[in-house]
Amino acid sequence: MIRAFGTFAGLLLIVALTLALFGLPVGHSLSLMAQGAFGDKLAITRTLVKTIPLTITGMGIVVAWRAGMYNIGGEGQFVAGGLAGCLIATPLRDSAVPAWIAVLLILAASVVGGGLWGGIAGWLKNRRGVDVVISTILLNFIAIQLLAWLVAGPLRDVKSGLPLTPELPEGMMLPRFDRQTDLHAGIFVAVLAVAVVYVFLYLTKAGFRTRLVGAGESAARANRIDADRVRANAMLISGALCGLAGGVEYAGVAGQLGTSFAQGWGFLAIPVALLGGLHPIWVFLSALYFGALFAGSRSLAGFTDQGTTLIYIIQAAAVLGLIGLRAVGGKRRIQAEVA
Amino acid sequence: MLRVDRVGKSYGTLRALDDVSIEFAPGEIHAVLGENGAGKTTLMHILAGFTTPDSGSVEMDGRPLPVGRPFECKRLGIAMIHQHFTLVPAFSVEENLALARLSRLGLLDIPKLTEPARDEADRLGWALDIDAPARQLPVGAQQRVEIVKTIAGDSRVAIFDEPTAVLSPGEVDDLFRVLRRLKEAGKTVILIAHKLREVMTIADRVTVLRRGKVVAGAAIGEVTPDRLAQWMVGELPPELQKDSATAIREGLRVKGLRTLGDRGEEALRGLEIEVRRGEILGVGGVDGNGQVELAEVLAGVRPYRGEIRWQGSPLKYTSTRVGYIPQDRQSDGLALSMTIEENLLIEGHRRPKLTKGPFLRRSAIREWSRELVERFGVKGLPDDDAGSLSGGNQQKVVVARALDETPDLLIAVNPSRGLDVKATEYVHRKMLEARNQGAAVVLISTDLEELAALSTRTVFLSRGEIVAGDRAASLAGGIG
Amino acid sequence: MDLAVLLVYAAPIALAALGELISQKSGVINIGLEGMMLLGAFFGMLAAYLTGSPWLGLGLGVSVGIAASLASGWFCISLGADQVVVGTAVNLFALGLTGSLFRARFGASGQLLSLPKLPQFFGIDPVILLMIASIPAVWWLLAKTGWGLVVRSAGEYPKATEAAGFSVNKFRFQAVAIGGAFAGLAGAYLSIGVAGSFAENMTNGRGFIAIAMVTFGRWKPLFVFLAAVLIGFFDSLQYLLQAKGVQVPSQLMLALPYVVALLVLVIVGKGTSAPASLGVAYRRED
């Protein structure tokens, strides 16, 4: 609890310092941002809509990194998920399948698509020794170009002049709470993802093995745990979650795919997950926090030209601050041990 | 003349060196003999400048040695040939030789930098394959590179840390030839060893260390192997009551066991052992003769060829409970950033009573881990990180994990290495308890006292094979 | 296509990759390369814009690259923090900082910038010449100097470095700083030499590609350079084909180099070219 409060206070301090550094009136800006993030119903839904993709991709990052697999391909897996959802939506559109089943099928397809994209990296690591960092970077670019090609060509909406896929009919979208706001049922998917990842990591045997392989690979191997398999599975799950985030974004907010579909959620998930200490519950709070910052910065954007870019600085400063604190704490512990 | 005067060094409560005084003369091969943990390595690290002693002094030709400053010691002519080579595996032999002699960062003149080492190799009659990557050389050849790299130029003292541990008999002869040559060149040669036969063959003088103290020092002509053995291990502890009455049930039977080591070398070559339930089979020998590989094969984590049977049928880890105390508790034994409970769970998560389908039963696990921590006297709470524990308590966690619900088969590798007397006694007691409850125990240890204290029978492992089983013979003849 | 044009397109990735190669040879993988390039691009642009001198622009870009690499080195090398984590933070920080400063100075839409041009010699500019010269220079530095030998040993087996009397971390810092200088130059050249302007996130993944090219080029300066040129070739090929009226999905052309790189990695596997201690912080044992 003290730690949580300290983290919150530290983050607030970083936000205030960043604002001050750019010559913004700190108090006024903070209250504007708070307004924009929590001020009214609209603001709150805006915060939550940003929290959804951050949370789900964040969960994906948690599972992979906990197994020691540095998946930085959340972006590509997000795109692969969205694409898979879109691909299955095309035949469903004119079929007799009930709309709610169609939505579920879209989400299921996105899980498969993302899992496939993440699974490739896991397979390459185990079979060919290709570093996950490198392979996921390459897979990101491949996914993004694949998306660009598909939306410009095969999947393009012929009625539109733009490189966009046809819009999903309202019925095949995730239901919204209110016609005036964008908040959609994906929030339940996000909460469910948090619960599932928590249960997986802390309450199942497979999750325990995942954490063990990440924390002490040789201890796992010395006790007859197949670390390669555990890691491959972690990449599969991680990719599936990032893909699910893509599917939820597609069926919840975008309704169609364009070249800028990904919007960096897969990258932003990494600092979100790191600041949450790679623990699902804290990562969820971290996603909420940054969701609020993103939503809040929009009202700041009306006030000044810096907008969301300030948040990147805040995220980076927070991550580096955390590393610094941890390094100092770690050194102290080592010294205590020697003494 | 290199003179060690009343040197002392402690690590925590462990007294590694206690008031040690030795003189090493030029033109002499001086062996420092002792068992593992006797303080040999600490002494050598002090001589080479890696470690600063707590008390006492080291002098070279009457001038104090710059202790704690390895590069100044090196410049004064003290060369140390480590047991673990400091070669860059990806570098060619000549690049390795050049790196060791490098003093300027500008244009690399490899022929000039490697000249002293190549000359040295010529003098020793070694043909070095200068262009081969170090990783592709056999161990013996790597050691030659390490030796010429270290003693090239004007070294006056050459310290060899257990140099024969990794060598084949032919290579050992070759190494001895080199030691004699160095001696004839007037250098001081210090040989750290624990094989009596080698010491009797090559050394001019011998100093025996036991538990950090100098027990005796003598010219080699004045001693017999038996005498040395006695100095090394002290009064041999009385043979333990082996109450073999319990050791009647069939347990583990291993036949024709072969496996490869990490570098692809043949680590075990057709090994045969048998361990009955209720007995402890001690496996002695010098490190690097297949001990770790044997343990890993039996623990089910290294592929092998041959036969491993438990009570007549092939050993299955699902039906036979196998406890494993690995050699390196900090990496193979524990995940240091995880809690004590989670480290116990590495074994526990396979227990039906702690799981339900794919799920873990949190409350049952909590109760179980509390009980284990208490029963095994781990000074910590289940939620403490394993990394925050002292070495002894870390080992208790490993032991608790291996011995909970008495295993059918227990494999332990150097279970008391690095532990103080109390913790050692504790671990030993627990192993004897397991034996008394009917476990078949394979105790792999380089510590003769440990083997003597615990084993029902002792065999020795040398180059992947079992050699003499007789304790006295193996002591006198040199182990391995 | 004109070779000079191709080299201009390929230069940012090639320069960054050559610097990353040196950093990786010392054992440090700089995931923050993208961010360092972006910092170089922005501050290079700023100095060139304010002073009217492209040289000062390149100079500031290089300096900022070095400063950023030393800061990131402090986390990765001195504190031993995870290199992937630190690199990710550097990328975000650079993205945020350059974006914010750019908007603060030039407005959200980004006013039209006109930067002073680099002089040309025989149709190519000095940075391209520098890049060509860097290929043998980097090779020579790593293979033929004592400094290179020590740096390589630090990336392979730091214990041997220490045993030979050199400080692993000192040499890693030096290698990382050189990598930062290259990254800063690559970024500044991107804004000043290639685009003649600046846009938010204008590196657009080039830093990541450069990292992949180091692996693709098996840690050999010439191969790494050729890999980067290959990427530049595919990058510009689409315009060429379009100009000739050939109908090829340009996005697939753009994906091709990454697919090729991935396939190469699959075929050659891990190999033995990667520095053995890449990504592993070094702590001295006492």
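These lines cover the structure that appears in this document, whether it is placed above or below. Only a predicted model underlies this, so the values are computations on that prediction, with no experimental measurement involved. (Residues numbered from 1 in each chain as written. Chains lettered and ligands numbered in written order. Predicted model: local features only at pLDDT ≥ 70, side-chain atom pairs only at ≥ 80, totals over all residues.)

Section: the overall build of chain C
Note the threshold: Labels follow the DSSP assignment, with helices taken as runs of H or I lasting at least four residues and strands as runs of E lasting at least two, numbered in each case from the N terminus. Using C-alpha atoms as the atom set, the radius of gyration is obtained and then compared with a globule rule of 2.2 Å times the number of residues to the power 0.38. With C-beta atoms placed from the backbone, a residue is buried if 20 or more other C-beta atoms are within 10 Å of its own, exposed if 12 or fewer are, and partly exposed between those counts. We call two residues in contact when the distance between their C-beta atoms, placed using the backbone, is within 7 Å.
Along the backbone of chain C there are 11 helices and zero strands. Starting at the N terminus and ending at the C terminus, chain C contains elements arranged as α-α-α-α-α-α-α-α-α-α-α. Relative to the compact-globule value of 19 Å for 286 residues, chain C shows a C-alpha radius of gyration of 19 Å, a close match. On the principal axes, the C-alpha backbone points of chain C span a range of 60 × 45 × 35 Å. For chain C, the proportion of its 286 residues judged to be buried stands at 57%. Long-range pairs, those at least 24 residues apart, make up 79% of the contacts in chain C with a sequence separation of at least 6.

Thoughts on the packing of helix α4 (residues 74-93) of chain A against helix α5 (residues 99-128) of chain A
Residues and elements named next belong to chain A. Where we set the bar: Note on method: axes are straight lines fitted to C-alpha atoms, helices fitted across the in-contact stretch only, with angles between N-to-C directions ranging 0 to 180 degrees. Orientation labels follow simple angle bins: below 35 degrees gives roughly parallel, above 145 gives roughly antiparallel, 65 to 115 gives roughly perpendicular, and whatever is left gives oblique. Each crossing is labelled by how the near helix is turned from the far one, with a counterclockwise turn of less than a right angle marking it left-handed and a clockwise turn marking it right-handed. Following the grouping adopted for this structure description, the nonpolar residues are Ala, Val, Leu, Ile, Met, Phe, Trp, Tyr, Cys and Pro, the charged ones are Asp, Glu, Lys and Arg, and the polar ones are all others, Gly among them.
At their nearest, the axes of α4 and α5 sit 7 Å apart, and the two run at 140 degrees to each other. Overall, the two elements α4 and α5 adopt an arrangement that is oblique. Of the two possible hands of crossing, α4 and α5 adopt the one that is right-handed. Only Ala102, Leu105, Ile106, Leu107, Ala109, Ser110, Val112, Gly113, Gly114, Leu116, Trp117 and Gly118 of α5 make contact with α4, whose side of the interface consists of Gly76, Gln77, Ala80, Gly81, Gly82, Leu83, Ala84, Gly85, Leu87, Ile88, Ala89 and Leu92. Looking at the contact of α4 with α5 residue by residue, the class counts come to 15 nonpolar, nine polar and no charged.

Describing the interface of chain A and chain B
Taken together, the contact pairs 15 residues of chain A with 23 residues of chain B. Residue contributions to the side of chain A that touches chain B peak at five residues, all from helix α8 (residues 205-215) of chain A. For the side of chain A that touches chain B, the class distribution of residues is seven nonpolar, four polar and four charged.

Points about helix α6 (residues 146-156) of chain C
Helical periodicity: at 3.6 residues per turn, an α-helix aligns residues three or four positions apart in one direction. Across the 11 residues that make up α6 of chain C, a large majority, 11, are buried. Buried positions along α6 of chain C lie against α3 (93-101) of chain B together with α1 (3-25), α5 (126-144), α7 (158-163) and α8 (168-195) of chain C.

Focus: the nonpolar core
Here is the rule: By our criterion, buried Ala, Val, Leu, Ile, Met, Phe, Trp, Tyr and Cys residues that link up through C-beta atoms within 7 Å make up a nonpolar core.
Counting residues in each nonpolar core, the largest one holds 377 residues, and the members touching the most others are Leu147 of chain A, Ile159, Ile411 and Val441 of chain B together with Ala17, Met213 and Ala228 of chain C. With near-sequence residues (within four places) excluded, Ala17 of chain C lies in contact with Ala210, Met213, Val214, Val224 and Ala228 of chain C.

A few points about the environment of Leu92 of chain C
With respect to the secondary-structure elements, Leu92 of chain C resides in helix α4 (residues 83-106). Leu92 of chain C gets classed as buried once you count the C-beta atoms within 10 Å, which come to 27. Taking the C-alpha atoms as reference points, Leu92 of chain C and Glu34 of chain C, 58 residues apart in sequence, are found 9.5 Å from one another. Sequence-distant contacts of Leu92 of chain C, that is, excluding residues within four places in its chain, are made with Pro271, Tyr312, Gln315 and Ala316 of chain A.

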